[in-house]
Amino acid sequence: MSLLLSIVMPAYNEEEVIEVVVKQWTDLLTRQFPTDNTRLIVINDGSRDKTGAILDQIKDRYPKLVVVHQPNGGHGNAVVNGYHQAVALDSEYVFQTDSDDQFVAEDFAKLWAKRNDSPFILGYREERYDAFARLVITRILRFSIALIYGTYIMDSNIPFRLIRGSFLKRLLAQLPTPTPFAPNIFLAVMAKKAGYDTFDIPITHKERLTGTVSILKWKLLKVCIQSFGELAQFRLDLRSKVKALKKPEPVTV
């Protein structure tokens, strides 16, 4: 059975909020898509707390929930695994968000309304509530993308994006291996350079109240250097990868 929509959600040490977030998003799927052709795919990225156990306990209560456990590989690795899971389920659309309860599920409708206008649609955290280290990383990466690719994307790494499944499959085929630290940036750059309008739709971002921040201050410099290096290396292959993506996408009505 093919699906209309799969939501991909990585999770790491979110025991305090994971059921709340699962309920929010499965409720949205039930309200907006009453037929049984949507799924919430949660990738438990080797959580050290009770996140995995909670997901296993609640999955029978939430029929749209699909739980995938993997060894800890980092947020980017979990996202890509989730994307592959969604593509394998033949999802017409794939939406990605995070499990930390920093987003408002109702904002999904803003991106869904644009689904026929582009195969790749991004939200934009107009007012961002994150640790200082993450804000610095975002600004450095935004500058790096503009410098290396000549492309300005407001929030290239945002975990609030809607991608047409057929286009996501082609994007994943062009993603560098091993998986980059922040694969969502690479997907956004490829989509933008291939000529698609990513929209950058303003959405609500909330303060994080629970869970574990995976990037600590002492890792900031290392992360920035690693990401800049990966982006610079990818620049050498970008032309051929963008060429592979420029085949027109069918419009779904």
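It should be noted that the structure appears before, not after, this text.
What this report covers is the structure whose coordinates are included nearby.

So, how was this worked out
Residues numbered from 1 in each chain as written. Predicted model: local features only at pLDDT ≥ 70, side-chain atom pairs only at ≥ 80, totals over all residues. Heavy atoms only, no water. Buried < 20%, exposed > 50% of the residue type's maximum accessible area, 1.4 Å probe, protein only. Helix = DSSP H or I, 4+ residues; strand = E, 2+ residues; numbered from the N terminus. Pairing = 2+ DSSP bridges. Salt bridge = Lys/Arg side-chain N within 4 Å of Asp/Glu carboxyl O. Axes fitted to C-alpha atoms, helices over the stretch in contact; angles between N-to-C directions. Parallel < 35°, antiparallel > 145°, perpendicular 65-115°, else oblique. Left-handed = near helix turned anticlockwise from the far one by under 90°. Contact = heavy atoms within 4.5 Å. Nonpolar A, V, L, I, M, F, W, Y, C, P; charged D, E, K, R; others polar.

## Observations concerning the pairing of strand 4 (residues 91–97)
(1) Moving on: Counted residue by residue, strand 4 has six buried out of seven residues, so it is predominantly covered.
(2) Moving on: Sheet topology places strand 1 (residues 3–11) next to strand 4; five bridges connect them, and they run parallel. Following the sheet pairing, Ser6 is matched in strand 4 by Val94.
(3) Moving on: Sheet analysis places strand 4 next to strand 6 (residues 160–164), joined by five bridges and oriented antiparallel. The residue of strand 6 that forms the bridge with Phe95 is Leu162.

## Quick look at the pattern of salt bridges
(1) Moving on: Counting across every chain of the model gives eight salt bridges.
(2) Moving on: Taking the shortest distance from any N to any O, the salt bridge between Glu19 and Arg61 comes out at 2.4 Å. On the criterion of sequence distance, the pair formed by Glu19 in helix 1 (residues 18–32) and Arg61 in the loop between helix 2 (51–58) and strand 3 (65–70) is long-range, its members being 42 residues apart.
(3) Moving on: Residue Glu19 is classed as partly exposed on the basis of its relative accessible area, which comes to 30%.

## Observations concerning the packing of helix 6 (residues 165–174) against helix 9 (residues 238–245)
(1) Moving on: Running from N to C, helix 6 and helix 9 point in directions that differ by 160°, and their axes come no closer than 10 Å. Taken together, the axis directions place helix 6 and helix 9 in an arrangement best described as roughly antiparallel. Helix-helix and strand crossings are classified by hand; for helix 6 and helix 9 the assignment is right-handed. The residues of helix 9 that touch helix 6, namely those facing Phe167, Arg170, Leu171 and Gln174, are Lys241, Ala244 and Leu245.

## A closer look at the packing of helix 7 (residues 183–193) against helix 9
(1) Moving on: Where helix 7 meets helix 9, the closest approach of the two axes is 9 Å, and the angle between their N-to-C directions is 70°. The pairing of helix 7 with helix 9 is recorded here as roughly perpendicular in orientation. The chirality of how helix 7 crosses helix 9 is right-handed. Along its contact with helix 7, which presents Val189, Met190 and Lys193, the element helix 9 presents Leu238, Lys241, Val242 and Leu245.
(2) Moving on: Classifying every residue of the contact of helix 7 with helix 9 gives five nonpolar, no polar and two charged.

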